[in-house]
Amino acid sequence: MSYAQVGDSRVDWEGALVQRACAGDSRAFERLYREHAGKVYGLCLRLTRDAHLAEDCTQDTFINAWKALPQFQTRSSLSTWLHRIAVNVSLGRRRKASPVMEPPAEDEEGSGGGFLLETPLEVRELETAIGALPDGARDALVLHALYGYSHGEAAEMLGIAEGTCKAQLHRARKLLRERLNMEIN
Amino acid sequence: MNGPDERKVKSLGELPVAIEPPRDLWPGIEARLKAPVATVAAVSPRPAGARLAQLRWLAAAAMVASVAVGVWIGREVLPLSGGAARAPQSATATALPASPEGAALNASYVSDPRYQRQRTELLRTLQARIEAMPPPARLKVTASLATIEHAKEDLERALGKDPSNALLQELLINTYQDEMRALTDVHEASDPGRGI
């Protein structure tokens, strides 16, 4: 089960809030915002590496979500849906800020694994190492290893082939291993 | 980009997924949710590049309009009234610098009291001179001057939002020059001494 998938009771609770928000109840939408803002901001921040840009992306994510709420299927996960919007917004803003295209990673298999560290590391140190990764590798790593999305889900969110997503993860693992000077299993 | 968390983790999956924004973003979101459609559109304007491209087109249109006035007067009016004598003056006006370096010089040119006096004088008599023109000429000149005026207004509005934009400044100066050129052409073409 991916991180974004949640228990039935919470989905029901969220579903009721979504329905109220769909009817124009901004208080209900605020409760949804309060519930998801941290994860959305965390995702935007990791994708953009810029706190101000991440704030803008988070706001745009919720504005876009508000506008598109009538199209949201309450059977699916609101969290996944919001993350999808956040990825779109963040990648779009990032392209505008620096429209240099990164060379695509070659398709490569064998990138599975839980990204276990041989030696425990401080959160700060690990976040810095992730932040220093190239965009494509970082995007795939954040969605797969941190947010728990499958290769297919992450690839779909990023608009790339699943093989490319795996290759980017392989690249991320290799670069992290080099930068942290330790084995990542 | 990370918080002050110094605890140690053994896998990437242990990293905190949620990071609280440094400030409450909800008031900004709520304001945009409640804003009328027109205001929401204003919050997300067209990209600056697109606006600048439109303004460039406007400035180009102003220049074309000015040239149209000049060419029309040169071909239709001045041959009847010895227009060859005015060529050096027109060439001087055309030779005004259009480069970014020249824009600074042109800025002082536009704010020059002599320029302002000359422009005011030309504008004062403009309506009477236009009315003295044959109807087809009047239409052309009026349309050209309207295009120039429109370009000036748009550029001034854009500069109000981005006062330090060198390209906008240059385009505005060029448009002022185009206007001056067109006014001078109209003035000379309808000069009683030249006989329109």
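Just above, that's the structure.
Residues numbered from 1 in each chain as written. Chains lettered and ligands numbered in written order. Predicted model: local features only at pLDDT ≥ 70, side-chain atom pairs only at ≥ 80, totals over all residues. Heavy atoms only, no water.

S.K.: Looking at this structure, how should I read the overall build of chain B?
M.R.: Across its full length, chain B carries eight helices and one strand. When the helices and strands of chain B are listed from N to C terminus, the series reads β-α-α-α-α-α-α-α-α. Looking at chain B as a whole, 38% of its 196 residues are labelled buried. Taking as baseline every contact in chain B between residues at least 6 positions apart, the subset at least 24 positions apart corresponds to 72%. On chain B, roughly 11000 Å² of surface is accessible, and the fraction owed to carbon and sulfur atoms is 61%. (Helix = DSSP H or I, 4+ residues; strand = E, 2+ residues; numbered from the N terminus. Buried < 20%, exposed > 50% of the residue type's maximum accessible area, 1.4 Å probe, protein only. Contact = heavy atoms within 4.5 Å. Areas by Shrake-Rupley, 256 points an atom, 1.4 Å probe, with all protein chains shown as cover.)

S.K.: Please clarify how the interface of chain A and chain B should be interpreted in this entry.
M.R.: A common measure of how large an interface is: the accessible area buried when the components associate. Of the residues lining the interface, 42 residues belong to chain A; the matching set on chain B comes to 32 residues. Carbon and sulfur atoms make up 65% of the area that chain A and chain B hide from each other, which totals about 3600 Å². On the chain A side of the interface with chain B, the three residues burying the most area are A:Gln59, A:Val123 and A:Arg124, jointly 18% of the side's total. The tally of links between chain A and chain B comes to four salt bridges. Across the pair A:Asp60 and B:Arg32 runs a salt bridge whose closest N-O atoms are separated by 3.1 Å. Of all the secondary-structure elements, those providing two or more residues to the side of chain A that touches chain B are helix H2 (26-48), helix H3 (51-68), strand S1 (116-122), helix H5 (123-131) and helix H6 (135-146) of chain A. Residue contributions to the side of chain A that touches chain B peak at 12 residues, all from H2(A). When S1(A) meets strand S1 (residues 8-11) of chain B, the two strands line up antiparallel, connected through three bridges. What sits directly across from A:Leu116, in S1(B), is B:Ser11. (Buried area = accessible area lost by both parts, 1.4 Å probe. Salt bridge = Lys/Arg side-chain N within 4 Å of Asp/Glu carboxyl O. Pairing = 2+ DSSP bridges.)

S.K.: What exactly am I supposed to notice about the side chain of A:His144 here?
M.R.: Residues and elements named next belong to chain A. Residue position: His144 is located in helix H6. We classify His144 as buried; its relative accessible area is 17%. Each residue touching His144, except ones within four places of it in the same chain, is listed here: Phe115, Tyr149, Ser150, His151 and Leu169.

Note that every value here comes from positions in space, so none of it alone points to a role or purpose.
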